[in-house]
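Residue-level structural notes
The lines below spell out each chain.
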Amino acid sequence: GGIITQTPKFLIGQEGQKLTLKCQQNFNHDTMYWYRQDSGKGLRLIYYSITENDLQKGDLSEGYDASREKKSSFSLTVTSAQKNEMAVFLCASSIGTTNERLFFGHGTKLSVL
Amino acid sequence: GEQVEQLPSILRVQEGSSASINCTYENSASNYFPWYKQEPGENPKLIIDIRSNMERKQTQGLIVLLDKKAKRFSLHITDTQPGDSAMYFCAASSNTNKVVFGTGTRLQVLP
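These remarks concern the structure in this document. The numbering scheme is per chain: residues are counted from 1 as the chain's sequence reads. Chain letters and ligand numbers both follow the written order, the letters beginning at A and the numbers at 1. Local features are withheld for residues below a pLDDT of 70 in this predicted model, meaning they are given only at 70 or higher, and side-chain atom pairs are given and counted only at 80 or more; totals for whole chains, interfaces and linings count all residues. With hydrogens and water excluded, all non-hydrogen atoms of the structure serve as input to the side-chain values.

Across the boundary between the two partners, chain A contributes 25 residues, which contact 23 residues of chain B. Both sides of the chain A and chain B interface together cover about 1,900 Å² of buried area, and 47% of this is carbon and sulfur. By definition, a salt bridge exists where a carboxyl oxygen of Asp or Glu is found within 4 Å of a side-chain nitrogen of Lys or Arg. Summed over the shared surface of chain A and chain B, the result is two salt bridges. A:Asp59 serves as the salt-bridge partner of B:Lys98, at 3.2 Å between the closest nitrogen and oxygen. Pairs of N or O atoms within 3.5 Å make up the polar contacts considered here, provided that, within protein, one atom can donate a hydrogen while the other can accept it, and that residues adjacent in sequence are counted only when both atoms are side-chain atoms. Between the two partners, chain A and chain B, sit 12 residue pairs in polar contact (both at pLDDT 80 or more). A run of DSSP states H or I qualifies as a helix once it reaches four residues; a run of E qualifies as a strand once it reaches two. Both are numbered from the N-terminal end. Those elements that place two or more of their residues in the side of chain A that touches chain B are strand E4 (31-37), strand E5 (43-49) and strand E9 (86-94) of chain A. Among the elements that make up the side of chain A that touches chain B, the one with the highest residue count is E4(A) (four residues). A class-by-class count of the residues in the side of chain A that touches chain B yields nine nonpolar, 12 polar and four charged. Contacts are residue-level and defined by heavy atoms, with any inter-residue pair within 4.5 Å sufficient. Here the buried area means the combined drop in accessible surface, using a 1.4 Å probe, for two parts upon being joined, counting both sides. Think of it as three bins: nonpolar holds Ala, Val, Leu, Ile, Met, Phe, Trp, Tyr, Cys and Pro, charged holds Asp, Glu, Lys and Arg, and polar takes everything else, Gly as well.

Right under this line is the structure:
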């Protein structure tokens, strides 16, 4: 079996700060995703990527950048952290470039002071 | 549009009864409809999925129904147990591989 590793697990930032979240998968999956989950709420798609160096915008891409440096890694940057922002960012991957199940990482919990 | 609506947001049922969650989607090109369960402090995990070439699928106490004409799909949990208490998310995707999630249902199974 494979695993998705998100780092860091907890991230505390300052208002206006640029923050980077990292995700690694060893499934050899083609497609990777970044979702934001606010407390007790649904998952909103920020960016996804169907192959190395590919980038597709989700519904929540404003305020974020992403980079698929290689097949196994997908990073997300919060370009300017918002005061009192608190959310969990979930990375996921799926095999192939057509519809298959997502495997999720355990998330990065962001708090902005 | 590509929104997925999910209802109800909170569902309380008695242990042993059934629970139903409904989702509607906008994108007529959607052809894959997974359901995920998320327990407190955990990541979402796939519990069942259905593709557009099927109308019904059943596995281990879970039933999913798909009505493509109405752009509606639903999850039915039969004989609910305390371990079924969790957040449930529906999702829809098309061949672009963009997976859009519903807003979630918090299921509480009462003893």
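There's more to say after this.
For each structure, a 1 Å grid was placed over the protein atoms alone; sets of points admitting a 1.4 Å probe that cannot get out are labelled cavities, open sets with protein on both sides within 12 Å along at least five of seven lines are labelled pockets, and lining residues have an atom within 4 Å of a point. Grid points are joined across faces, edges and corners, and a volume is the space filled by probe spheres set on the points. Each pocket or cavity is described by its volume, and for the largest pocket that value is around 600 Å³. Elements that contribute at least two residues to the lining of the largest pocket include exactly E9 and strand E11 (108-112) of chain A together with strand E9 (86-93) and strand E11 (105-110) of chain B. When residues of the lining of the largest pocket are assigned to their parent elements, the largest contribution, four residues, is made by E9(A). Residue composition of the lining of the largest pocket, grouped by class: nine nonpolar, 11 polar and seven charged.

A few words on the pattern of salt bridges. Pairs can form between side chains of opposite charge whenever their charged atoms are close. With the rule as written, the count across this model stands at 10 salt bridges over all chains. Its salt-bridge partner being B:Arg51, residue A:Glu100 comes within 3.2 Å of it at the nearest N-O pair. Of this pair, A:Glu100 sits in the loop between E9 and strand E10 (103-104) while B:Arg51 sits in strand E5 (residues 45-51), on two different chains. Burial here depends on accessible area, computed with a 1.4 Å probe over protein chains only, as a share of the maximum for the residue type. Under 20% is buried, over 50% is exposed, and the range in between is partly exposed. With relative accessibility at 31%, the residue A:Glu100 sits in the partly exposed group. B:Arg51 sits in the partly exposed class, given a relative accessible area of 31%.

Here we take up the environment of A:Asp65. Residues and elements named next belong to chain A. Turning to its location among the elements, Asp65 is positioned in strand E7 (residues 64-70). Among the residues examined, Asp65 registers a relative accessible area of 41% and is labelled partly exposed. With 14 residues separating them along the chain, Asp65 and Thr79 place their C-alpha atoms 6.8 Å apart. Residue contacts for Asp65: discarding those within four places in its chain leaves Tyr47, Ser75, Leu76, Thr77 and Thr79.

Attention shifts here to empty space enclosed by the protein. Residues and elements named next belong to chain B. A full pass over the atoms with the stated rule returns one cavity of 30 Å³ or more. Glu2, Gln3, Val4, Tyr25, Asn27, Ser30, Ala92, Ser93, Ser94, Thr96, Lys98 and Val100 together form the lining of the largest cavity. For the lining of the largest cavity, the residue count by class is four nonpolar, six polar and two charged.

It is worth spelling out the state of the cysteines at this point. Linking two cysteines covalently through their sulfur atoms gives a disulfide. Cysteine sulfur atoms are paired as a disulfide whenever they come within 2.5 Å of each other. According to the stated counting rule, one finds two disulfides over all chains in the structure shown. Residue pairing for A:Cys23: its cysteine sulfur links by disulfide to A:Cys91, the two sulfurs lying 1.9 Å apart. Because the torsion about its S-S bond is -80°, the bridge between A:Cys23 and A:Cys91 counts as left-handed. In this pair, A:Cys23 is assigned in strand E3 (residues 19-25) and A:Cys91 in strand E9, connecting sequence segments 68 residues apart. Between the sulfur of B:Cys23 and that of B:Cys90 lies a disulfide, 2.0 Å long from S to S. Because the torsion about its S-S bond is -100°, the bridge between B:Cys23 and B:Cys90 counts as left-handed. Placement of the pair is B:Cys23 in strand E3 (residues 19-25) and B:Cys90 in strand E9, with a sequence separation of 67 residues. Taken as a pair, B:Cys23 and B:Cys90 share a single burial class, namely buried.

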